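Tertiary structure, described
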Amino acid sequence: VFNGQNCYLNFESSWLKHRLLKFPEIPVVAVKMPEKRPLLPWSRWADAPQSPEERAEVLKLCEEVGGYGFICPDYPIDLHIADDMILEKVYLFVIDLDGINEDDLRRYFARGMPITYTEGTPRGGAHLYFVTKIKPPTLMFKGRDRETGAEVRIELRGARSMTIGFPTPGYRPLNDNLPRF
């Protein structure tokens with residue numbers, strides 16, 4: 001698995017296998033696959049934090065159905081990335097790239113795109129997870145890669161959006177990085 005730094009990683013660690021699930025600040029919703037349909041109304045967790053009890057119930061349902069949706073809340077979160085390291089009052093957002101492959105990602109990272117936590121998607125795209133101090137919008141762009149001519153769709157999933165991710169079958173971590181600014 002490529003980590004964006006000319007290295008390949010082995011994901012034997014259960015911590016790495018469940019990277020986003022280790023952040024209780026990021027709300028989760030169970031998703032029916034392959035329809036990508038949330039099984040619960042999730043907008044309440046886009047507006048207010050998920051309680052530990054709600055999260056435990058949702059994670060149990062996620063395990064039963066196999067689909068995990070990660071919510072980008074409409075409020076800032078304190079992301080506890082280590083015992084002594086907290087990213088205070090940040091917003092989570094995801095860049096969803098369709099129509100690219102791992103070679104394209106290497107090229108983008110080599111051009112200066114910040115290397116952040118990245119997942120591969122079942123249809124060959126990628127999800128790049130970031131944090132910011134400014135509430136991000138949700139936007140979509142379509143275009144062509146200048147070098148390859150391939151059609152690329154880029155979606156910025158900001159506040160009040162949901163992204164399906166690992167450990168949902170077909171989604172896989174491509175690196176072990178933390179979400180970056």
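Structure shown above.
Predicted model, so just to flag it, every value in this text is computed and none were measured.

What counts and what doesn't
Residues numbered from 1 in each chain as written. Predicted model: local features only at pLDDT ≥ 70, side-chain atom pairs only at ≥ 80, totals over all residues. Heavy atoms only, no water. Pairing = 2+ DSSP bridges. Helix = DSSP H or I, 4+ residues; strand = E, 2+ residues; numbered from the N terminus. Buried < 20%, exposed > 50% of the residue type's maximum accessible area, 1.4 Å probe, protein only. Polar contact = N/O pair within 3.5 Å; in protein donor to acceptor, adjacent residues only side chain to side chain. Contact = heavy atoms within 4.5 Å. Phe/Tyr/Trp six-rings, centres within 6.5 Å; stacked < 30°, edge-to-face > 60°. Core = buried A, V, L, I, M, F, W, Y, C linked by side-chain atoms within 4.5 Å.

Both strand 5 (residues 85-98) and strand 7 (residues 126-132) contribute to a ladder of 7 bridges, which runs antiparallel. Bridge assignment links isoleucine 95 to a residue of strand 7, and that residue is leucine 128.

This next bit is on the side chain of aspartate 96. Counting through the fold element by element, aspartate 96 comes out in strand 5. In this structure aspartate 96 comes out as buried when scored by relative accessible area, which is 3%. Reaching out from aspartate 96, the side chain makes a polar contact with the side chain of arginine 157 at a distance of 2.7 Å. Beyond its immediate chain neighbours, meaning those up to four positions away, aspartate 96 contacts Ala126, His127, Arg153, Ile154, Glu155 and Arg157.

Turning our attention to the packing of aromatic side chains. This structure, assessed with the given rule, holds 2 aromatic pairs. Here the aromatic rings of phenylalanine 93 and phenylalanine 130 are separated by 5.4 Å at their centres, their planes lie at 15°, and the arrangement is stacked. Placement of phenylalanine 93 in strand 5 and of phenylalanine 130 in strand 7 is noted, with a sequence separation of 37 residues between them. Comparing phenylalanine 93 with phenylalanine 130 shows no difference in burial state: the two are buried. Where tyrosine 117 meets tyrosine 129, the ring centres are 5.4 Å apart and the plane angle is 45°; that geometry is what we call tilted. With tyrosine 117 in strand 6 (residues 117-120) and tyrosine 129 in strand 7, this pair connects stretches of sequence that are 12 residues apart. The class for tyrosine 129 is buried, based on a relative accessible area of 0%.

The next point concerns the nonpolar core. Counting residues in each nonpolar core, the largest one holds 32 residues, and the members touching the most others are Ile26, Phe70 and Leu79. Residue assignment for this core shows that the elements contributing at least two residues are strand 1 (28-32), helix 2 (43-47), helix 3 (52-65), strand 3 (68-72), strand 4 (77-82), strand 5, strand 7 and strand 10 (161-164). Among all residues touching isoleucine 26, those that are not within four sequence positions of it are Leu20, Gln50, Arg55, Phe70, Ile71, Ile77, Leu79 and Leu92.

Before going further, it helps to spend a moment on the environment of phenylalanine 23. In this structure, phenylalanine 23 sits in the loop between helix 1 (14-17) and strand 1. Setting aside residues up to four positions removed in sequence, phenylalanine 23 forms contacts with Arg55, Leu79, His80, Ile81 and Leu178.

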